[in-house]
Amino acid sequence: MKQVIAARTDIGMGQGKLAAQVAHASLNAYEYADDRAVRQWKDEGQTKVVVKVGSERELYELSEEAKHKGLPTGLISDAGRTQLEPGTPTALAIGPAPDADVDRITGDLSLF
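Definitions and cut-offs
- Residues numbered from 1 in each chain as written.
- Predicted model: local features only at pLDDT ≥ 70, side-chain atom pairs only at ≥ 80, totals over all residues.
- Heavy atoms only, no water.
- Helix = DSSP H or I, 4+ residues; strand = E, 2+ residues; numbered from the N terminus.
- Expected span 1.5 Å × (residues − 1).
- Buried < 20%, exposed > 50% of the residue type's maximum accessible area, 1.4 Å probe, protein only.
- Arc of directions from axis to C-beta.
- Contact = heavy atoms within 4.5 Å.
- Core = buried A, V, L, I, M, F, W, Y, C linked by side-chain atoms within 4.5 Å.
- Pairing = 2+ DSSP bridges.
- Axes fitted to C-alpha atoms, helices over the stretch in contact; angles between N-to-C directions.
- Phe/Tyr/Trp six-rings, centres within 6.5 Å; stacked < 30°, edge-to-face > 60°.
- Lys NZ or Arg CZ within 6 Å of the ring centre and 35° of its normal.

Novice: Mind laying out helix H1 (residues 15–30), listing which residues take part and the relevant values?
Specialist: Compared with an ideal rise of 1.5 Å per residue, which puts 16 residues at 22 Å, H1 spans 23 Å between its outermost C-alpha atoms and is within 8% of the ideal. Residues of H1 that are buried include every one of Lys 17, Leu 18, Gln 21, Val 22, Ala 25, Ser 26 and Ala 29, and no others. Down the axis, H1 shows its buried residues gathered within 165° of arc, on one side only. The exposed residues of H1 that point more than 90 degrees off its buried face are Gly 16 and Leu 27. In the core, the buried residues of H1 are packed alongside strand E1 (2–8), strand E2 (48–53), strand E3 (73–77) and strand E4 (89–97).

Novice: Got a sec to walk through the nonpolar core? Specific residues and values, please.
Specialist: Grouped together as the largest cluster of nonpolar side chains are 14 residues, with contacts concentrated most on Ala 6, Val 53, Leu 62, Leu 71, Ile 94 and Ile 105. Contributions of two or more residues to this core are made by E1, E2, helix H3 (56–68), E4 and helix H4 (99–106). Apart from residues lying up to four places away in sequence, Ile 94 is in contact with Lys 2, Gln 3, Val 4, Leu 62, Ala 66, Leu 71, Pro 72, Thr 73, Val 102, Ile 105 and Thr 106. Ala 7, Ile 11, Ala 25 and Ile 76 belong to the second-largest nonpolar core, a separate cluster that totals twelve residues.

Novice: Tell me what's going on with the sheet that holds E3, and back it up with residues and numbers.
Specialist: The sheet built from four strands is open, its strands ordered E2-E1-E4-E3 with mixed pairing. Of all the strands in the sheet, the pair left with one neighbour each is E2 and E3. For this sheet, the mean inter-axis angle between neighbouring strands, taken without regard to orientation, is 15°. Alignment of E3 against E4, held across five bridges, turns out to be antiparallel. Within E4, the position partnered with Thr 73 by the bridge is Ile 94.

Novice: Got a sec to walk through the pairing of E4? Specific residues and values, please.
Specialist: The side chains of a regular strand alternate, residue by residue, between the two faces of the sheet. Counting buried residues along E4, nine of its nine residues qualify, which places the element largely inside the surrounding structure. By the bridge criterion, five bridges tie E1 to E4 in an arrangement that is antiparallel. Directly across from Ala 6, in E4, lies its bridge partner Leu 92.

Novice: Tell me about unusual backbone geometry, residues and numbers included.
Specialist: Of note, the amide linkage connecting Gly 95 to Pro 96 takes the cis form, showing an omega dihedral of 20°. With respect to the helices and strands, Pro 96 occurs in strand E4. If you check the backbone angles, Gln 46 has positive phi at about 55° while not being a glycine. You can see Gln 46 is positioned in the loop between helix H2 (35–43) and E2. Using a relative accessible area of 32% as the deciding quantity, one classes Gln 46 as partly exposed.

Novice: Outline the packing of aromatic side chains, supporting the account with residue identities and numerical values.
Specialist: Within the structure shown, the criterion is met by one aromatic pair. Consider the rings of Tyr 30 and Trp 41, whose centres lie 6.1 Å apart with planes at 45°: the pair is tilted. Placement of Tyr 30 in helix H1 and of Trp 41 in helix H2 is noted, with a sequence separation of eleven residues between them. Judged by its relative accessible area of 2%, Trp 41 falls in the buried class. A cation over an aromatic ring shows up here: Lys 52 above the ring of Phe 112, its NZ or CZ 5.9 Å from the ring centre.

What follows is the structure, given as structure tokens:
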């Protein structure tokens, strides 16, 4: 079981902003996972992997594919209080879900 968080590289987030957006996405997707998946993920160490996406469009495409396959997702848009305009999509978490299911969607993406 794992969770993959895709974060945009094209909007110039600082390291702190990136970390916060990844955390928001992770928690948001976790809230949509079923109890069995959550228990198994926790028992296995809560694996999280952060990968890069280069555009808003890519983020939305990943989100749609994951939803279509029935995986929990958490798409985050920034509140606009610091570095970004309000509503800017920043990160997407997929899972927790079986490794193979998540890898079919995110396996070709580069690590952050």
